[in-house]
Amino acid sequence: MKIDIVSVFPEYFEVLNLSLMGKAQSKGLLEITAHNLRDWTHDVHHSVDDTPVGGGAGMVMKPEVWAECLDELLDLPAPNEDDSPNDVAAEDNDSSVAAPVLIFPNPSAPLFTQRDATELSHAEHLLFGCGRYEGYDSRIPDYYRAQGIDVREYSIGDYVLNGGEVAVSVMLEAITRLMPGFMGNPDSIVEESYTGEGALLEHRQYTKPAVWRGISVPEVLLSGDHGKVDRFRRDEALTRTNEIRPDLIEALDCKALDKADRKTLMALGWEVSAAHPRRLS
Ligand code: ADE
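This one's a predicted model, so the numbers in the text were calculated from it and none came from an experiment.

J.: What am I meant to see in helix α1 (residues 19-26) here?
T.: An α-helical turn contains 3.6 residues, so any two residues separated by three or four positions project in the same direction. When α1 is considered as a whole, its buried residues turn out to be Met21, Gly22 and Ala24. Along the axis of α1, the buried positions cluster into a sector of 160°, meaning they face one direction only. Exposed positions of α1 whose direction lies more than 90 degrees from the buried face are Ser19, Lys23 and Ser26. Residues of α1 that are buried make contact with β2 (31-36) and α5 (165-176).

J.: Any chance you could explain the UniProt feature "binding site: S-adenosyl-L-methionine" (unreviewed entry) in the chain here in plain terms?
T.: According to UniProt, the positions carrying the feature "binding site: S-adenosyl-L-methionine" (unreviewed entry) are Gly131, Ile156, Gly157, Asp158, Tyr159, Val160 and Leu161. Turning to its location among the elements, Gly131 is positioned in the loop between β6 (125-129) and α4 (139-146). For Gly131, a relative accessible area of 10% translates into the label buried. Mapped onto the secondary structure, Gly157 falls in the loop between β7 (150-154) and α5. The class for Gly157 is buried, based on a relative accessible area of 9%.

J.: I'm lost on the side chain of Arg152 in this one. Help?
T.: Within the secondary structure layout, Arg152 lies in strand β7. Residue class for Arg152 comes out buried when judged on its relative accessible area of 14%. Of note is the side chain of Arg152, whose polar atom sits 2.8 Å from the side chain of Asp150. If we ignore the near neighbours within four places in the chain, the residues touching Arg152 are Val101, Leu102, Ile103, Phe104, Glu119 and Leu120.

J.: Where do I start with the pattern of salt bridges in this structure?
T.: Pairing between side chains of opposite charge can happen when their charged atoms approach one another. Counted according to the given criterion, the structure contains 14 salt bridges. Here Asp137 makes a salt bridge to Arg139, at a shortest N to O gap of 2.7 Å. Asp137 sits in the buried class, given a relative accessible area of 15%. For Arg231, the salt bridge is made with Asp235, and the minimal N-O distance between the two is 2.8 Å. Here the residue Arg231 and the residue Asp235 both occupy positions in helix α7 (residues 226-244), the gap between them amounting to four residues, near one helical turn.

J.: What should I look at first to understand the sheet that holds strand β5 (residues 101-105) in this one?
T.: Across the sheet, five strands lie side by side as β2-β1-β6-β5-β7; this open sheet has parallel pairing. For this open sheet the edge positions go to β2 and β7, each flanked by a neighbour on one side alone. Across the sheet, the mean angle separating the axes of adjacent strands is 20° when strand polarity is ignored. Summarising the sheet, β5 and β7 pair through five bridges and their orientation is parallel. The partner of Pro105 across the bridge, within β7, is Tyr154. The strands that helix α2 (residues 63-74) touches are β1 (2-7), β2, β5 and β6; relative to β6, the one it contacts most, it runs at about 170°.

J.: Looking at this structure, how should I read the packing of aromatic side chains?
T.: Aromatic ring pairs are reported here in terms of the distance separating the ring centres and the angle at which the planes meet. Within the structure shown, the criterion is met by five aromatic pairs. Each ring, one from Tyr12 and one from Phe13, has its centre 5.2 Å from the other, and the planes form 75°; the classification is edge-to-face. Looking at Phe13, the relative accessible area reads 5%, which means it is buried. Between Phe112 and Tyr154, the ring centres sit 5.2 Å apart and the planes meet at 75°, which makes this aromatic pair edge-to-face. In this pair, Phe112 sits in the loop between β5 and α3 (114-120) while Tyr154 sits in strand β7, placing the two residues 42 residues apart along the sequence. An identical accessibility class is assigned to Phe112 and Tyr154; each is buried.

J.: It is not clear to me how a nonpolar patch on the surface should be interpreted in this structure. Could you clarify?
T.: Taken together, the side chains of Phe9, Tyr12, Val15, Leu18, Tyr159, Leu161, Val166 and Val170 make up a nonpolar region of the molecular surface, amounting to roughly 690 Å² of accessible area. Tracing the backbone through its elements, the reader meets Leu161 in the loop between β7 and α5.

J.: Any chance you could explain the environment of Tyr206 here in plain terms?
T.: With respect to the helices, strands and loops of the structure, Tyr206 is situated in the loop between α6 (187-190) and β8 (211-212). Judged by its relative accessible area of 36%, Tyr206 falls in the partly exposed class. In this structure, the C-alpha to C-alpha distance between Tyr206 and Gln114, residues 92 residues apart in sequence, is 25 Å.

Rules behind the numbers
- Residues numbered from 1 in each chain as written.
- Predicted model: local features only at pLDDT ≥ 70, side-chain atom pairs only at ≥ 80, totals over all residues.
- Heavy atoms only, no water.
- Buried < 20%, exposed > 50% of the residue type's maximum accessible area, 1.4 Å probe, protein only.
- Helix = DSSP H or I, 4+ residues; strand = E, 2+ residues; numbered from the N terminus.
- Arc of directions from axis to C-beta.
- Contact = heavy atoms within 4.5 Å.
- UniProt positions renumbered as here; feature names shortened; annotations may be inferred.
- Polar contact = N/O pair within 3.5 Å; in protein donor to acceptor, adjacent residues only side chain to side chain.
- Salt bridge = Lys/Arg side-chain N within 4 Å of Asp/Glu carboxyl O.
- Pairing = 2+ DSSP bridges.
- Axes fitted to C-alpha atoms, helices over the stretch in contact; angles between N-to-C directions.
- Phe/Tyr/Trp six-rings, centres within 6.5 Å; stacked < 30°, edge-to-face > 60°.
- Patch = residues over 30% accessible without salt bridge, like charges linked within 9 Å, V, L, I, M, F, W, Y side chains within 5 Å.
- Areas by Shrake-Rupley, 256 points an atom, 1.4 Å probe, with all protein chains shown as cover.

Now the structure itself:
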């Protein structure tokens, strides 16, 4: 997978050379390049932002600088400035080149989920644009969508960061670890929270010793009875999800629940005879 990241702090992405992401680069699974947006400026101050049209606090990232950078990285011809938007719309792109996905982190966008990570783990080329300050001129994503590029805007959570760099690192880690060959043990992905249709929070984990500072691991985990261990873990997943993320219980498909799941959910106050569980209050 080819990954380009554009930022005014490209050094930030040196962390991607560490750990599994670094290994994946050495193996040739990932090719990550962080670009400095200021390399596409022409003024002495290398300015990338300007005041918001209509007034307001802060600065907004300028479309001209971003466009020069993105045209080059997406291998698109720069349009004549006099062209109307219709004149520059989607030209034939070389179909032998993998279609890139252009991604802008944005706190005001739809939430990035495991489903998005799974979909994007199959892409061949991802291009991330990191906004700073009050964000980027909204015509940038609009323009590239009109060129036929798959443009996504995602928030990583309901809080505001200083810029998109952290959000890009989060998304990249979630995406790349799902690529075949990335993880040493691919089974560890299958069992995780948020994976698959019946997404539940994961059961709690323990390692040895069986008693630590007077606290024992649950007895059943030492029993060697795999059926009982699986049931205990599944019930714990249902119970924790009920407490912490009841919205995930509401999204479960009742047809996919086994008899023991139903019993546990009913004991937790859910009705399970419709398409999805319904809380009895
Ligand atoms: N930029 C600033 N805050 C962000 C957030 N929560 N998600 C994505 N990008 C951001």
